[in-house]
Amino acid sequence: MRCLYCHRRLEPELHLLNLFTAPGPLCGECEIRLKEWRRGERCGRCRRLMGEGESECRDCIFLKNRFPPVGKIMCMLDYNEEVKMLMHRYKFVRDIALAEVLAQFITVRKRDYDHFVPIPVSPGRFRDRGFNQIIEVLARARLPHSSLLETGKVKLQSELSRHERMNSANPFTFNKEYRDVRLRDTRILIVDDIYTTGITVHHAAEVLLHHEPAALDVLTFSKA
Amino acid sequence: MYFDSKGDILYKEAGVDSVKNLCHRCLNNDKTLFYEFHSPLHQKKVKYCLNCIGIGRSDSVTPLIAARSMSRREECGYKLHFELTEIQKAASRKVVEAVREEKNLLLHAVTGAGKTEIIFEGIKYARENGLNVAVVSPRIDVVKELHLRLSGAFKKSRIDLMFAGVKVKFEHHFTVCTVHQLYNFTDHFDCIIVDEFDAFPLAGDTHLQGAVHKALTARGSIIIMTATPTRKMLKLAGGNVFQIARRYHGHDLAIPEIHYANVRRAMEKGRLDAKLERLLDGIMTHGRKVLVFFPEIKMMHEVHGLMGDFDSVEAVYSGDAARYVKVQRMREGDIRILLTTTILERGVTFRDLDVIVVHTEYFPADTLIQICGRVGRKPQDPTGNVHFLTLYNTHHIRATIRKIKAFNSGRTVL
Ligand SMILES: [Zn+2]
Ligand SMILES: [Zn+2]
Ligand SMILES: [Zn+2]
């Protein structure tokens, strides 16, 4: 067994408490480093690091004015240097083993939601990367996914300026294959990798809210 | 040969042999260092190598493309902004000799101090003779620093730079990169210079040493620069070791003298601490100069204000615009007591210099060791005196004294 982040050999000590649990994919040191949150005042809703003298989160204010409201916004990890490196390796170097590492940090349970909806990747990106980075993590966390959304856009969110991002048209459409699936009064969880301004998940939510779910929450792996 | 997707050699159908558990790029064959998954794109199982994932994925579905190694002589010159010391010159000659005679060499040198400049002449020799050179380190920060220094000196050379996500590639005649990047090269570099060899990360270090050997041509030379040589390194160098452990005049460093004093308390009462005053008096009557180190700027300025009885006192701090002028005036003897919160640049030396550290209990051992190394740097004045004024003896003070004693007995470098 190797730590999938630093590749150090894992020699789990056997004792009564871990005798029946499979060893995780991470060594203790990497786990601590990935879990660390940068210090500072944070927004109570999206956990954004607030600027000095900022009393209300400007991203959340913008979203509230622009989009229909979503429920909870949950986030597994901070976007610290280690997480940044992990995301780079996972998405751009295609070190897909790191999906196991991310899956370990998911605490949402299967019974909490009826639909786990991954943010889709465009067909072009899928060909380059070879996988959808959300689906791979959900699968390794033993959570089913419903691909309710599609996207055809080529431009990456990270390639857009803040202004472009704030004003771009909704890139997501409803996946017709799910036309006959009941969504009304169900509990939906939208899952994305990195929460930056929140626009992406709110665009996704906008499409899904037309189907009148009972609850619509958001889970992201990391808060930038 | 080196792996490059733009090359014209199909080296292997796939980078990883998933049956044999072998990565053709880095030669990893440890089966715990592969990861297999079901690829939704290929609709089948794909295996890839974890050992060299840092330089891009080598897997069982992507062919390994290579380009032929070329060599080219170039007119190669560099600029050096200061003259090398005698010992640096000797080390530099040793590097040229190693390159010319295709030998390995271990440079056992003080961390930082002019180590990079020592290899300039060897690089010039190599490039002018059409040899491919790589300057590598396991550490990204060292790689960045090396590239900065080398591209600053070798202005006309096209230097490749490769680490993590960064790639500036020319023809790989003169390359600065992390050791990991060497996995992409086979039988390519005639000379590989490894800086901070001891900093290999814990995991996978045996593979990394293999990477150096794989990238080296059959007759090529490896030059290791390290502050802490191991038996393995000595063996690799085949006994060809050059040591810059002792300073060139070969005299011992002064062992710091400890004095218990509370400079701050005296200061708060508006007085200059009696012990500090007595030390300064003694230094002045002997016609010497002194650097007085303070743990903070505020304290330094306040104490400065209490030193009216002394002539030619000045204070410098790290952001001080006039620091170079003050250092020059100190050198000329215009200033004789220089208060400071910062260690002056390497290479700044004064004659007849003593050192006082105020509130030494605030200083970490590595800073103290550097401070002690400042004293007695001129051959005409081999040993100055070092005084530690402290509230109490600390672990760092003890470690400093231990280190200096070990240095004097020739057991270690600073
Ligand atoms: Zn680890
Ligand atoms: Zn917020
Ligand atoms: Zn490999």
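Anything mentioned here points back to the structure above.
These figures come from a predicted structure and were not determined experimentally. (Residues numbered from 1 in each chain as written. Chains lettered and ligands numbered in written order. Predicted model: local features only at pLDDT ≥ 70, side-chain atom pairs only at ≥ 80, totals over all residues. Heavy atoms only, no water.)

Some details on the environment of A:Ser55
Residue and element names in this part refer to chain A. Within the element layout of this structure, Ser 55 appears in the loop between helix H1 (28-35) and helix H2 (58-66). With relative accessibility at 70%, the residue Ser 55 sits in the exposed group. Distance from Ser 55 to Glu 41, taken between C-alpha atoms, is 9.9 Å for residues 14 residues apart in sequence. (Helix = DSSP H or I, 4+ residues; strand = E, 2+ residues; numbered from the N terminus. Buried < 20%, exposed > 50% of the residue type's maximum accessible area, 1.4 Å probe, protein only.)

Comments concerning the sheet that holds strand E2 (residues 9-12) of chain B
Residues and elements named next belong to chain B. Taken in spatial order, the 3 strands line up as E1-E7-E2 in an open sheet, and their pairing is antiparallel. Whereas interior strands pair on both sides, the edge strands pair on one side only; in this sheet they are strand E1 (2-3) and E2. Examined bridge by bridge, E1 and strand E7 (residues 64-67) share 2 bridges and lie antiparallel to one another. Bridge assignment links Phe 3 to a residue of E7, and that residue is Ala 66. (Pairing = 2+ DSSP bridges.)

Quick notes on the sheet that holds strand E15 (residues 241-244) of chain B
All names here are of chain B. Reading across from one edge, E11-E10-E12-E9-E13-E14-E8-E15 is the order of the 8 strands in this open sheet, with mixed pairing throughout. Looking at strand neighbours, the two that pair on one side only are strand E11 (166-168) and E15, the edges of this open sheet. Across the sheet, the mean angle separating the axes of adjacent strands is 15 degrees when strand polarity is ignored. Pairing analysis gives 5 bridges linking strand E9 (residues 133-137) to strand E12 (residues 174-178), with the strands arranged parallel. When the sheet's bridge partners are listed, Ala 134 is paired in E12 with Thr 175. Its contacts with the sheet place helix H4 (residues 140-153) against E9, strand E10 (160-163), E12 and strand E13 (189-195), and it is angled at close to 160 degrees to E12. (Axes fitted to C-alpha atoms, helices over the stretch in contact; angles between N-to-C directions. Contact = heavy atoms within 4.5 Å.)

Some details on the coordination of the zinc ion (ligand 1)
All names here are of chain A. Protein-derived coordination of the zinc ion (ligand 1) comes from Cys 3 (SG), Cys 6 (SG), Cys 27 (SG) and Cys 30 (SG), at a distance range of 2.2 to 2.3 Å. One can describe the donor arrangement at the zinc ion (ligand 1) as tetrahedral, given that its 4 donor atoms subtend angles of 100 to 117 degrees at the metal. Within one chain, the residues donating to the zinc ion (ligand 1) are spaced in sequence as C-x2-C-x20-C-x2-C. On the criterion of sequence distance, the pair formed by Cys 6 in the segment before H1 and Cys 30 in helix H1 is long-range, its members being 24 residues apart. Take Cys 30: its relative accessible area is 6%, and that puts it in the buried class. (Donors = N, O, S within 2.8 Å, 3.2 Å for Na, K, Ca; no water. Tetrahedral: all angles 85-135°; square planar, octahedral: opposite > 155°, others 65-115°.)

Considerations on the packing of aromatic side chains
Residues and elements named next belong to chain A. For the coordinates displayed, the defined rule picks out 11 aromatic pairs over all chains. For the pair Tyr 113 and Phe 116, a centre-to-centre distance of 5.9 Å together with 70 degrees between the ring planes defines the contact as edge-to-face. Both residues of the pair, Tyr 113 and Phe 116, belong to the buried class. In this structure, Arg 47 packs its charged tip against the face of Trp 37, placed 4.0 Å from the ring centre. Across from the ring centre of Phe 92, 5.3 Å away, lies the NZ or CZ of Arg 129, which sits over that ring. (Phe/Tyr/Trp six-rings, centres within 6.5 Å; stacked < 30°, edge-to-face > 60°. Lys NZ or Arg CZ within 6 Å of the ring centre and 35° of its normal.)

So, the side chain of A:Gln133
Residue and element names in this part refer to chain A. With respect to the secondary-structure elements, Gln 133 resides in helix H6 (residues 133-140). A polar contact of 2.7 Å, which involves the side chain of Gln 133, links it to the side chain of Arg 129. Once residues within four sequence positions are removed from consideration, Gln 133 is found in contact with Tyr 90, Lys 91, Val 121, Asp 193 and Phe 221. (Polar contact = N/O pair within 3.5 Å; in protein donor to acceptor, adjacent residues only side chain to side chain.)

A word on the pattern of salt bridges
Following the criterion strictly, the structure yields 37 salt bridges over all chains and no others. A salt bridge links A:Glu81 to A:Lys84, with the nearest nitrogen and oxygen atoms 3.2 Å apart. Taken together, the positions of A:Glu81 and A:Lys84, both in helix H3 (residues 81-91) and 3 residues apart, correspond to about one turn of that helix. Of the residues examined, A:Glu81 reaches a relative accessible area of 58% and is grouped as exposed. Judged by relative accessible area, A:Lys84 falls into the partly exposed class, the value being 35%. Here B:Arg219 ties to B:Glu102 by a salt bridge, and the two come within 3.0 Å at their closest N and O atoms. Of this pair, B:Arg219 sits in strand E14 (residues 216-226) while B:Glu102 is found in the loop between helix H1 (86-100) and strand E8 (105-109), placing the two residues 117 residues apart along the sequence. According to the relative accessible area criterion, B:Glu102 is partly exposed, its value standing at 39%. Look at the salt bridges and you will find they share partners, linking B:Lys94, B:Glu97, B:Arg100, B:Glu101 and B:Lys103 into a network. (Salt bridge = Lys/Arg side-chain N within 4 Å of Asp/Glu carboxyl O.)

Concerning unusual backbone geometry
All names here are of chain B. The phi angle at Asn 21 is positive, at roughly 55 degrees, despite the residue not being glycine. Along the chain, Asn 21 turns up in the loop between strand E3 (16-17) and strand E4 (22-23). By relative accessible area, Asn 21 is classed as buried at 13%. Phi angles above zero are rare outside glycine, and Leu 27 is one such case at about 65 degrees. Mapping Leu 27 onto the fold places it in the loop between E4 and strand E5 (34-39). Under the relative-accessibility criterion, Leu 27 is labelled partly exposed at 48%.

A look at H4(B)
All names here are of chain B. Relative to the 20 Å expected for 14 residues at 1.5 Å per residue, H4 spans 20 Å between its end C-alpha atoms, a close match to the ideal helical length. Restricting attention to buried positions, one finds in H4 the residues Val 142, Val 143, Leu 146, His 147, Leu 150 and Ala 153. Looking straight down H4, one finds that the buried residues subtend no more than 140 degrees of arc, so they occupy a single side. Close packing links the buried residues of H4 with helix H2 (115-118), helix H3 (120-128), E9, E10, E12 and E13. (Expected span 1.5 Å × (residues − 1). Arc of directions from axis to C-beta.)

What to know about the interface of chain A and chain B
Interface extent is often summarised as the accessible area lost during association of the parts. Taken together, the 18 residues of chain A in the interface contact 16 residues of chain B. Around 1600 Å² of area is buried between chain A and chain B when both sides are counted, 60% of it from carbon and sulfur atoms. Per-residue buried area on chain A facing chain B is highest for A:Arg2, A:His7 and A:Arg94; these three make up 30% of the total on that side. Counting across the interface, chain A meets chain B through 2 salt bridges. Residue A:Arg9 is joined to B:Asp30 by a salt bridge in which the shortest nitrogen-to-oxygen separation is 3.4 Å. Scanning the region where chain A abuts chain B turns up 10 residue pairs in polar contact (both at pLDDT 80 or more). Secondary-structure elements contributing two or more residues to the side of chain A that touches chain B are helix H5 (123-129) and H6 of chain A. (Buried area = accessible area lost by both parts, 1.4 Å probe.)

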